[in-house]
Amino acid sequence: MVNALPPDPPDFDESEDEPTIFDDIRVVDFTSGIAGPYATMFLADHGADVIKVESPGGDPYRASPGFETFNRGKRSVVLDPTSDSGRNRTQFLARSADVVVVDVPEGRAMTRGLDEAALREANPSLIYVTMPPFGERGPFVDRPSSPALIAAVSGIMADQASYSGDPTYLVLPLASYGSAAMGAAAIAGGLYARERWGVGQRLEVSQLAGAAALQIGGVLSDQVPVMAGGPSPMGSKGFIPVYRLFQAADGLWFFVACGTPDFFNRLLIAIGQAELAGDPRVEDAPWGLISEESRELLVPLLEDAFRSQDRDYWLGRLQEYDVPAQPVQTRDEYFDSHTVAANDMRINLEHPEYGWVEMMGVPLNLTAAPGKARRRAPRLGEHTEEVLAEIAAARPAVGRIASREPGPHLLEGVRVLDATSFIAGPTLPRHLAMLGADVVKVESPTGDPFRQMGLGFLGWNQGKRDIALNLRTPEAQSVFHRLATEADVMVENYRPGVTRRLGIDDATLRDLNERLIYVTAPGWGHDETMAGSPGWDPLVQARSGAMHHQGSDDEPVFHSVPLNDIMTPAIGLFGVLAGLFHRERTAEGQLVELALARTGLAIQAAEFTRIEGAPSGGGFLRGGIDFPGPDAGQRWYRCADGEPIFVEASSQHERATLISTVGVALQSAQLAAPYGEPACSAATESLLTAFAMRSREEWMEALDAAGVPCAPIYRRAEAVQLPHLIENGLVVEQRHPQWGATTNYGLLIQPSITTGRLDGPAPGLSEHAAEILGEAGYDEGEIAALAAAGAVVLPE
């Protein structure tokens, strides 16, 4: 099956008339592959002149359909870094830029004349963004890298729930996608700081940091033993009996996401088991349902119930009772859906070679100056002469120079109101706190429902202050309005219509404060048919094809990494920083629209690229249950000491070298046979036996010496203890009054001048209420009156 011609005309528009956020910004992009080009795509979508610099051989990722998405709207220049003239032109081009982006460690950048010092001497206001795979410091800096190798080191691969308890190869390049969104935010943040203070600086976002960003809820505590690895009781269907995949009578799969006690009780009513709500075995529902006793009660009960009727019946019944549930679909089904169309997330562009290319739209909406895909991706060297002529005639770019010294932190003095709950909403303000913003979390008197998640809540809410307001009272709404008049950013993720009822909607607050950046993040975005449906991460995983394509023909796989819940705030961080940059220039606030439904495509951006005449689905990798890797040369193996290692011999030379190093009687072609084929199984058995003969340390030494890409596989609890991650500033240790000494991933973006910070752990419920109200001008008597009226909670 091949992709047919799309019915609609191409969305190809090179008009320059509409205002854009970055319309006079030049970004020179020296990166290749996924992470760097995807980061600069966000800038191109919002008007920046992004110049992609390639060697004569071109970006190797040109072979992938995803190249067309990540490089849309850019210009391509070919320069030979091995020649003197090529190096000189490279440096002249970089010196003409507002932003330079590289994806290699400083030592390698220096050999190309692209190190920060060399470029800043001629261009002091330069924003220099570096996205090295493993960071700039530590023993892993010069190791071979790929999304899979980074997933191995960072914990993504080992912590995926599975039937076997073994590491799982995830078919999505998650580390690259995570670092792309954070890299885009770093660029926007650097431009904002330069616009505000006139300072150029270096900002580092390693691809290891991108992997860490996707696991920000994985907090460790000295008060809580680390859960032992091993098989998951329900395999890769889910860990909680009421937050997992189910199969209906017709063999079709769907996901039920009862993430609150109310949803759990509604589920029991829907299946005719309301009396179970009082059973002591389920008193801690939903997140406390981790005991064998509760599983033995609920798993067979629910599986038998759902196998009694077809999927459509159950989806209808669960919707009737307001129980969050969605079908498992393929990517093509999601791409064809009303949800995607309603959010403008399917576009097509004319292409001189392919006829047309379809891809995702812009993953967020900056309403003051919306982004769009302005041009197709360039052909290799298409704009070389044009760009070189421009730089020969132009002066180096300089930012607006302010009259005061830069603040100590990138978002120093920025006040954020955080009216969010669960994961996706709170994580965006957490990132803003990381960059120095004063974040005030506003909760209901009963608190964020995900306080029940314990350590996870600490990760998603680091560095904030807290006040609990009953926004159903006019007194609390008045407090919120007063806070909003002094705020720079407001973030909410209520279902559509709720903020209007509470008096904290965009129109109301921006009438009070026209400079406000108001971020809204409803799960399903502009899909009016889904307005009343909860938008939880696994529901978008299910509908968007992520679960189906990881499990392939076996059964769907629930990703342990909350793909959409964590990618959405990373995209939102770019949106807020771009909005602040725009406000510095125009004094104009705006509405920033996010949606998990949009992110369902953004976290699979390459995989949603469609080219006329290409195989349906783009030929991207599909997985399976407990998927070990695409072939025997690219998968994990267990060593003699029981420790796992990931090997990535992807070329013929690397496969031949692996065979000779390990000492097995195999042919290179056998290692390239796809997973599931007899040749792959035979080769895997030989290599499993061989790797079991030596320790991981011994194999790492041997494979490194031979030049075979490999990496140790760590669980997240191990990764945060690694000296390499600590040396790269990716780990933060904090003390919490309830949870003791905690450890988590920390500073994901690292500016060199306006530095990051995470001053404190997640706050207690309304911990800072009196302090926040006092700052807003309320005296002690007024605060007491608010508490007496039930408008605010004052901690004892």
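Going by the structure above, here's the rest.
Residues numbered from 1 in each chain as written. Predicted model: local features only at pLDDT ≥ 70, side-chain atom pairs only at ≥ 80, totals over all residues. Heavy atoms only, no water.

A. A look at the nonpolar core. Judged by nonpolar contacts, the single largest core of 177 residues is most densely connected at F22 and Y38. At 15 residues, helix 7 (residues 174–197) tops the list of elements feeding residues into this core. Ignoring anything within four residues of it in the chain, the contact list for F22 reads L43, H46, G47, A48, A188, L191, F574, A578 and F581. If you look at the next biggest cluster of nonpolar residues, it comprises 29 residues, including A476, L591, L786 and A791. (Core = buried A, V, L, I, M, F, W, Y, C linked by side-chain atoms within 4.5 Å. Buried < 20%, exposed > 50% of the residue type's maximum accessible area, 1.4 Å probe, protein only. Helix = DSSP H or I, 4+ residues; strand = E, 2+ residues; numbered from the N terminus. Contact = heavy atoms within 4.5 Å.)

B. Up close: the sheet that holds strand 21 (residues 634–638). Strand order in the open sheet formed by three strands is 21-22-23, with antiparallel pairing between adjacent strands. Each end of this open sheet is capped by a strand with a single partner; those strands are strand 21 and strand 23 (710–712). With strand direction ignored, the average angle separating the axes of adjacent strands in the sheet is 20 degrees. Across three bridges, the pairing between strand 22 (residues 644–648) and strand 23 is antiparallel. Bridge pairing links F646 to A711 in strand 23. In the packing of helix 6 (residues 147–154) onto the sheet, the strands contacted are strand 22 and strand 23, and the crossing angle to strand 23 comes to about 15 degrees. (Pairing = 2+ DSSP bridges. Axes fitted to C-alpha atoms, helices over the stretch in contact; angles between N-to-C directions.)

C. View of unusual backbone geometry. Look at the link from A285 to P286: it is a cis peptide, with omega at 0 degrees. Following the sequence through the fold, P286 ends up in the loop between helix 9 (261–270) and helix 10 (292–306). Although it is not a glycine, D322 adopts a positive phi angle of roughly 60 degrees. As for its position among the elements, D322 is in the loop between helix 11 (311–320) and strand 10 (325–327). Take D322: its relative accessible area is 23%, and that puts it in the partly exposed class. One non-glycine residue, F422, adopts positive backbone phi at about 75 degrees.

D. Representation of the packing of helix 20 (residues 537–544) against helix 22 (residues 563–586) in the model. Running from N to C, helix 20 and helix 22 point in directions that differ by 100 degrees, and their axes come no closer than 7 Å. Comparing the axis directions of helix 20 and helix 22 gives the class roughly perpendicular. Contacts between helix 20 and helix 22 involve D537, V540 and Q541 from the former and L563, N564 and D565 from the latter. Here the contact of helix 20 with helix 22 is composed, by residue class, of two nonpolar, two polar and two charged. (Parallel < 35°, antiparallel > 145°, perpendicular 65-115°, else oblique. Nonpolar A, V, L, I, M, F, W, Y, C, P; charged D, E, K, R; others polar.)

E. Layout of the environment of T520. Note on placement: T520 falls in strand 18 (residues 517–520). Sequence-distant contacts of T520, that is, excluding residues within four places in its chain, are made with E492, L591, V592, E593 and L594.

F. Just the environment of L267, in detail. Checked against the element boundaries, L267 lands in helix 9. For L267, a relative accessible area of 1% translates into the label buried. Taking the C-alpha atoms as reference, L267 lies 8.5 Å from D322; in sequence the two are 55 residues apart. Excluding anything up to four places from it in sequence, L267 contacts V242, V256, C258, L302, F306, L318 and V323.

G. Just the environment of A762, in detail. Here A762 is to be found in the loop between strand 26 (750–751) and helix 30 (769–775). You can call A762 buried: its relative accessible area is 4%. Once residues lying within four places of it in the same chain are set aside, the contact partners of A762 are F457, L458, N461, Q462 and H736.

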